[in-house]
Amino acid sequence: MEQTTRSPGIPCPDHAIQERNAVFRKVAWRILPILILSYGLAYLDRVNISFAKLQMQSDLGFSEAAYGFGAGIFFLGYVLLEVPSNLLLARIGARRTLSRIMVLWGLASAAMVFVRDEQAFYLLRFLLGVFEAGFGPGMLYFLTLWYGRRRRGQVMASVLLAGPVAGIVGGPLATSIMTGADGALGLAGWQWLFLIEGLPSVLIGILLFLHLSDGPDKAPWLSTRERALIIAEMEPDEAGQRHHRFLDALRSPRIYGLALSYLCMIAGLYAVSFWLPTLLRAGGVADTMAIGFLSAVPYVVAVIAMLLAGRQSDRNGERYGYSVGACLIASAALAVTGGTLGNLPVSLAALTVAAAATYVAYTVFWTIPAELLRGTAAAGGIALINSIGLLGGFLSPTVIGAVRDATGSLQGGLDAVAAGLAFGGVLLLALRRRVKPTLHVSVSTSARAGE
């Protein structure tokens, strides 16, 4: 039998794979825990208003429409500065940008303790959005500097699952703070909630500045060999893709189609996030602590679904199918939720399915822009999609709150969001048919370059 000779110093394929995997494990332990913690804090500071509402609304006399508008106006502030923030990130680096964002949003969230009327409520929620602008897409862009296409789906799922994990922890934590600290030092429970959950973001923001590196080539904790291995894995992705300018993203109808589809997903996501405690109370749960613990159920299922979908999506290379299917499932489940609000077991089960499916759609979706864009357009294009999409975060609570005040029921608003999710799924399916040949060429070229 013929034996294959190998030159000394050239590692065997298995050894090369093991070495590369070891490097990426080192990278993961260095950057993923702090990013997951940061994104979890972002989610808590964004949606803790849904639990504060249980006390705050009666203390300050806010209507459902006022709450919905205040919850949603966060996204208007976010949208205004998101693209500039991400273009600045591409220029000055993730370390400075993400650190600045966290420190400012932590201060704005803690300042909610001073809210006394609707005007102050709207102003601080708007400023929270302004200060947080660019964090989510900036973090996703940062990950594309470290991970190539073959690892990106699972890595993004791991980071983005911080949202539902924060939902698991956030409910019991928020209600415990509100009931346990209520009246301490003359502050209401909801005031303590904003203070206790806002200030840690300031501390983690400072730690981000000290801990992160703006890409493998700027990481002093990597050896020259480790940097080379990371860059080598990224090269097949780059080989079949030309670098785009941000202007290319602005001119692309495909980008706006993706943004509109994402808007529908975000509307569904925040229909759950901002109204879950209210939906549970409408279902007959009166105890605040019970609401906190029951609110964790949809997020437990969402975490499992996100991890499974991210891993499977990476294995078979399918992106659009998972996101489209999840949108349609979430649409049907949210419609069932709206029609069964008086039946807690059924409505909670349907809401759990809706939350899990929406998170799957949202997670897998973010692998698509990263595969279509390179260069400056990756930072700006991802931010553009996220900016337009986050308008769904404004529309969803605003519409549901207005419908609730007008009709006394949440059903009409939930049905509208469910219809939007179905539309978003169908639109993404249509975009897949346009994109598939382009992606096929890119993937094939990348594969050849890696042979």
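Refer to the preceding data block for the structure.
1. Looking at the packing of aromatic side chains
And step 1. Applying the stated criterion across every chain, the model contains 20 aromatic pairs.
And step 2. A centroid spacing of 5.9 Å and a plane angle of 75° characterise the contact between phenylalanine 69 and phenylalanine 394, whose relative ring orientation is edge-to-face. Within this pair, whereas phenylalanine 69 is found in helix H3 (residues 64-92), its partner phenylalanine 394 is found in helix H19 (residues 391-407), the two being separated by 325 residues in sequence.
And step 3. Its relative accessible area of 28% is what places phenylalanine 69 among the partly exposed residues.
And step 4. Grouping aromatic residues by their ring pairs yields a cluster made of Tyr43, Tyr262, Tyr299, Tyr359, Tyr362 and Phe365.

2. A few points about the pattern of salt bridges
And step 1. Counted according to the given criterion, the structure contains six salt bridges.
And step 2. For arginine 225, the salt bridge is made with glutamate 19, and the minimal N-O distance between the two is 2.9 Å. Linking arginine 225 in helix H10 (residues 224-239) with glutamate 19 in helix H1 (residues 13-47), this pair joins segments that are 206 residues apart in sequence.
And step 3. Here arginine 225 falls in the partly exposed class, since its relative accessible area comes to 45%.
And step 4. Taking the shortest distance from any N to any O, the salt bridge between lysine 218 and aspartate 217 comes out at 3.4 Å.
And step 5. A residue is classified by how much of its surface remains accessible, and lysine 218, at 52% relative accessible area, is exposed.
And step 6. When salt bridges with common partners are traced through the structure, they connect Lys53, Glu64 and Arg404 into a single cluster.

3. Description of helix H15 (residues 320-339)
And step 1. Given a rise of 1.5 Å per residue, 20 residues ought to cover 28 Å, and the 29 Å separating the end C-alpha atoms of H15 matches this to within 8%.
And step 2. Inspection of H15 places Tyr320, Ser323, Val324, Ala326, Cys327, Ala330, Ser331, Ala333, Leu334, Thr337 and Gly338 among the buried residues, and these make up the whole buried set.

4. A look at a nonpolar patch on the surface
And step 1. A cluster of nonpolar residues, Ile206, Leu207, Phe209 and Leu210, forms a patch on the protein surface that exposes about 390 Å² of accessible area.
And step 2. Mapped onto the elements of the fold, isoleucine 206 is located in helix H9 (residues 189-211).

5. Quick word on empty space enclosed by the protein
And step 1. All chains considered together, the criterion is met by four cavities of 30 Å³ or more.
And step 2. Lining the largest cavity we find 18 residues, and of these Tyr39, Arg46, Tyr262, Tyr270 and Tyr362 sit closest to its centre.
And step 3. By residue class, the composition of the lining of the largest cavity is 14 nonpolar, three polar and one charged.
And step 4. When its volume is computed, the second largest cavity comes out at roughly 90 Å³.
And step 5. In terms of lining residues, the second largest cavity is bounded by 17 residues, among which Val47, Ser50, Phe51, Gly170 and Gly171 are the most central.
And step 6. Those elements giving two or more residues to the lining of the second largest cavity turn out to be H1, helix H2 (49-60), helix H8 (162-180) and helix H12 (253-282).
And step 7. Broken down by element, the lining of the second largest cavity gets its largest block of residues, five residues, from H8.
And step 8. Split by residue class, the lining of the second largest cavity holds nine nonpolar, seven polar and one charged.

6. Structural notes on the packing of H8 against helix H14 (residues 297-316)
And step 1. Put simply, H8 and H14 touch, their axes get as near as 8 Å, and they point 155° apart. By the angle between their directions, the pair H8 and H14 is classed as roughly antiparallel. Note that H8 runs across H14; the crossing there is left-handed. In contact with Pro164, Val165, Gly167 and Ile168 of H8, H14 contributes Tyr299, Val300, Ala302, Val303 and Met306.
And step 2. Considered class by class, the residues forming the contact of H8 with H14 number eight nonpolar, one polar and no charged.

Analysis parameters
- Residues numbered from 1 in each chain as written.
- Predicted model: local features only at pLDDT ≥ 70, side-chain atom pairs only at ≥ 80, totals over all residues.
- Heavy atoms only, no water.
- Phe/Tyr/Trp six-rings, centres within 6.5 Å; stacked < 30°, edge-to-face > 60°.
- Helix = DSSP H or I, 4+ residues; strand = E, 2+ residues; numbered from the N terminus.
- Buried < 20%, exposed > 50% of the residue type's maximum accessible area, 1.4 Å probe, protein only.
- Salt bridge = Lys/Arg side-chain N within 4 Å of Asp/Glu carboxyl O.
- Expected span 1.5 Å × (residues − 1).
- Patch = residues over 30% accessible without salt bridge, like charges linked within 9 Å, V, L, I, M, F, W, Y side chains within 5 Å.
- Areas by Shrake-Rupley, 256 points an atom, 1.4 Å probe, with all protein chains shown as cover.
- 1 Å grid on protein atoms, 1.4 Å probe; cavity = no way out; pocket = protein on both sides within 12 Å on 5 of 7 lines; lining within 4 Å.
- Points joined across faces, edges and corners; volume = space filled by probe spheres on them.
- Nonpolar A, V, L, I, M, F, W, Y, C, P; charged D, E, K, R; others polar.
- Axes fitted to C-alpha atoms, helices over the stretch in contact; angles between N-to-C directions.
- Parallel < 35°, antiparallel > 145°, perpendicular 65-115°, else oblique.
- Left-handed = near helix turned anticlockwise from the far one by under 90°.
- Contact = heavy atoms within 4.5 Å.

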